[in-house]
Amino acid sequence: MTKPVYSELPDGGWGWMIVLAGFLNNCLLIGVTRSFGVFFVHFTQYFQESSSRVSWITSMALATQQFASPIGSAFGKRYGARSVVMVGGVLASLGMLAASFGQSLLHMYLSIGLLTGFGWALTFTPTMAMISRYFKKRRTLATGLAFTGVGIASFFFSPLFQFLIDEYFWRGALRILSAIMLNLCVCAALLRPISLQEDRFVASSKLLDNGTESTGCWDKVTSAFDLTLFLHRGFMVYTFALALITAGYFVPYIYLVAHGKNLGLMDYEAAFVLSVSAISDTVARLFSGWVADLKLLRSIHMLFLWSVLTGLSFLLLPVGHTYSSLMGLSLFSSFCAGTTSPLIFSTLPDIVGIGRILNATGLFMMLISIGGLLGPPLSGLLEDQTGSYSTSFMVAGGFILVGSLVLLLLPGFFVSTTILSKQWPDDPAIHEPDIQHPAPENDCS
């Protein structure tokens, strides 16, 4: 077997096709999720169930996608991103197809919630990690371009889904959506594997003193999921900070329309506020990537700055009591929030090193999802208690500000060099002291 050819990060070339794959991936995952509410009314009427029970369909899909992200990372590392993402696309399509025959909510939970959600887990993490492996100088811009798929898809998918439902009923619409999901396989075909010099140091750090890999059961699990990241101070601090930020991040996206209606806005006015916010969010992602790649500030410092502004903007949302004031404040808050998304993923390689980015992305997604799952229900509970979303927005802003302060605890935050000084020196022995773990007697093979 020939040895892999290690190269420097290409920072372009075929990497732009990887960005296209990431763009389509975000369209078909997050964009579909944000627009799936069009089906809710029809599900509640057909199954004669409450809105809260029906809402668990997408909640389970997102939870499965996020909590199963480490599995997508491990499979992508073991079998290659292209094959894993292709399998994920097929599973996501089969889940939508199975849901079109659903006769109960349990059927929908299992098909869309679990099967499609698991398919998404196999597609998202390997694709986004591949973008980081192809870019260094333009990493934030490339990530931002990939994430613009969220806003663009959110803008177009809602009317498209409504048209499909009107023409083919919700079952026919889900079957067409199932066929659309197969385009994730096209995304997979665009993923070209690349071997980087940093991969050598990651591989060498996992060898025993005699130069062989451990065959112990626990060591195999640790290697597959890179559980040593839980001992990585920078990774854990960063993950905790982003879990807090995520707890408040999605609150305006979910409750802004309801908040507008509570203020007396007409239905189309409240919906238009959200649509314009989606456009502002999309522009912000491009702006953030462009500014970050100018290297005027380190990416972690830019993330801190924009997350603070995001928290403050959420605190100001309750001030808007008229259509024009709410529109202005929502534009500002969505722009600030949009700038953070590319920085979140482009900063992660600076912390763990590009050689560990695949496993780190999976574990990172799983851990920060805790905040994303707890934040919106807490905001809904506060609205039930107070009768207004003002407190919800203020608490969401508070979560983001606290998370921003946690970023200050990152190693090397207050120095001008990278967070870990230099992630991959020529001699891996001087990077971090090796911790040898004796292999257990029992083999899991």
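An account of the accompanying structure is given in this report. (Residues numbered from 1 in each chain as written. Predicted model: local features only at pLDDT ≥ 70, side-chain atom pairs only at ≥ 80, totals over all residues. Heavy atoms only, no water.)

1. Overview of the overall build of the chain
- Counting its regular elements, the chain contains 17 helices and zero strands.
- A burial count over the chain gives 53% of its 445 residues as buried.
- Intrachain contacts of the chain at a sequence separation of at least 6 include 85% that bridge at least 24 residues.
- Just so you have it, the chain exposes about 19,700 Å², and 68% of that area is on carbon and sulfur atoms. (Helix = DSSP H or I, 4+ residues; strand = E, 2+ residues; numbered from the N terminus. Buried < 20%, exposed > 50% of the residue type's maximum accessible area, 1.4 Å probe, protein only. Contact = heavy atoms within 4.5 Å. Areas by Shrake-Rupley, 256 points an atom, 1.4 Å probe, with all protein chains shown as cover.)

2. Some details on the packing of helix H14 (residues 299-316) against helix H15 (residues 323-352)
- Running from amino to carboxyl end, H14 crosses H15 at an angle of 150 degrees, the nearest separation of the two axes being 8 Å. The angle between H14 and H15 falls in the class roughly antiparallel. The two elements H14 and H15 cross, and the hand of that crossing is left-handed. Contacts between H14 and H15 involve Ser299, Ile300, Met302, Leu303, Trp306, Ser307, Leu309, Thr310, Ser313, Phe314 and Leu316 from the former and Leu329, Phe332, Ser333, Phe335, Cys336, Ala337, Thr339, Thr340, Leu343, Ile344, Thr347 and Asp350 from the latter. (Axes fitted to C-alpha atoms, helices over the stretch in contact; angles between N-to-C directions. Parallel < 35°, antiparallel > 145°, perpendicular 65-115°, else oblique. Left-handed = near helix turned anticlockwise from the far one by under 90°.)

3. A few points about the packing of aromatic side chains
- Tallying each qualifying case throughout the model produces 22 aromatic pairs.
- An angle of 90 degrees between the planes, with centres 5.2 Å apart, marks the rings of phenylalanine 43 and tryptophan 170 as edge-to-face. Of this pair, phenylalanine 43 sits in helix H2 (residues 40-47) while tryptophan 170 is found in helix H7 (residues 139-181), placing the two residues 127 residues apart along the sequence.
- One aromatic cluster in this structure is built from Phe39, Phe43, Tyr46, Phe47, Phe157, Phe161, Phe169 and Trp170.
- For the cation-ring pair, arginine 175 lies above phenylalanine 101, with the distance from its terminal atom to the ring centre recorded as 4.5 Å.
- Geometry around tryptophan 14 places arginine 192 over its ring, the cationic atom sitting 4.0 Å from the centre. (Phe/Tyr/Trp six-rings, centres within 6.5 Å; stacked < 30°, edge-to-face > 60°. Lys NZ or Arg CZ within 6 Å of the ring centre and 35° of its normal.)

4. Some thoughts on helix H4 (residues 69-79)
- For H4, the full list of buried residues reads Ser69, Pro70, Gly72, Ser73, Ala74 and Gly76.
- Once H4 ends, the next one or two residues include glycine 80, with phi positive near 100 degrees.

5. Re the packing of helix H1 (residues 15-35) against helix H8 (residues 183-190)
- Packing of H1 against H8 brings their axes to within 8 Å, and their N-to-C directions diverge by 160 degrees. Considering the angle they form, H1 stands roughly antiparallel to H8. Once H1 is placed against H8, the crossing between them reads as left-handed. Across the interface between the two elements, Met17, Ile18, Leu20, Ala21, Leu24, Asn25 and Leu28 of H1 pack against Asn183, Leu184, Cys187 and Leu190 of H8.

6. Digging into the pattern of salt bridges
- Evaluated as defined, the whole model comprises two salt bridges.
- Across the pair arginine 139 and aspartate 350 runs a salt bridge whose closest N-O atoms are separated by 3.7 Å. Here arginine 139, found in helix H7, pairs with aspartate 350, found in helix H15; they are 211 residues apart in sequence, far enough to count as distant.
- Its relative accessible area of 7% is what places arginine 139 among the buried residues.
- Here arginine 285 ties to aspartate 281 by a salt bridge, and the two come within 2.5 Å at their closest N and O atoms. (Salt bridge = Lys/Arg side-chain N within 4 Å of Asp/Glu carboxyl O.)

7. Re the nonpolar core
- Phe43, Leu174, Tyr238 and Leu242 are the most contacted members of the largest nonpolar core, which totals 97 residues.
- At 14 residues, H7 tops the list of elements feeding residues into this core.
- The residues contacting phenylalanine 43, other than those within four sequence positions of it, are Phe36, Gln48, Val54, Ile57, Met108, Trp170 and Leu174.
- Counting six residues, the second largest nonpolar core, distinct from the first, contains Leu256, Leu265, Val276 and Met327. (Core = buried A, V, L, I, M, F, W, Y, C linked by side-chain atoms within 4.5 Å.)

8. Concerning helix H11 (residues 233-249)
- With 17 residues, H11 should cover 24 Å at 1.5 Å per step; its first-to-last C-alpha distance of 24 Å lies within 8% of that length.
- Across the 17 residues of H11, 14 count as buried, placing the element largely inside the fold. (Expected span 1.5 Å × (residues − 1).)

9. Here we look at unusual backbone geometry
- Backbone geometry places phenylalanine 169, a non-glycine residue, at a positive phi of 65 degrees.
- Examined against the element boundaries, phenylalanine 169 turns out to sit in helix H7.
- For phenylalanine 169, a relative accessible area of 42% corresponds to the partly exposed category.
- Unlike most non-glycine residues, lysine 295 shows phi in positive territory, near 60 degrees.
- Mapping lysine 295 onto the fold places it in the loop between helix H13 (267-292) and H14.
- What makes lysine 295 exposed here is its relative accessible area of 52%.

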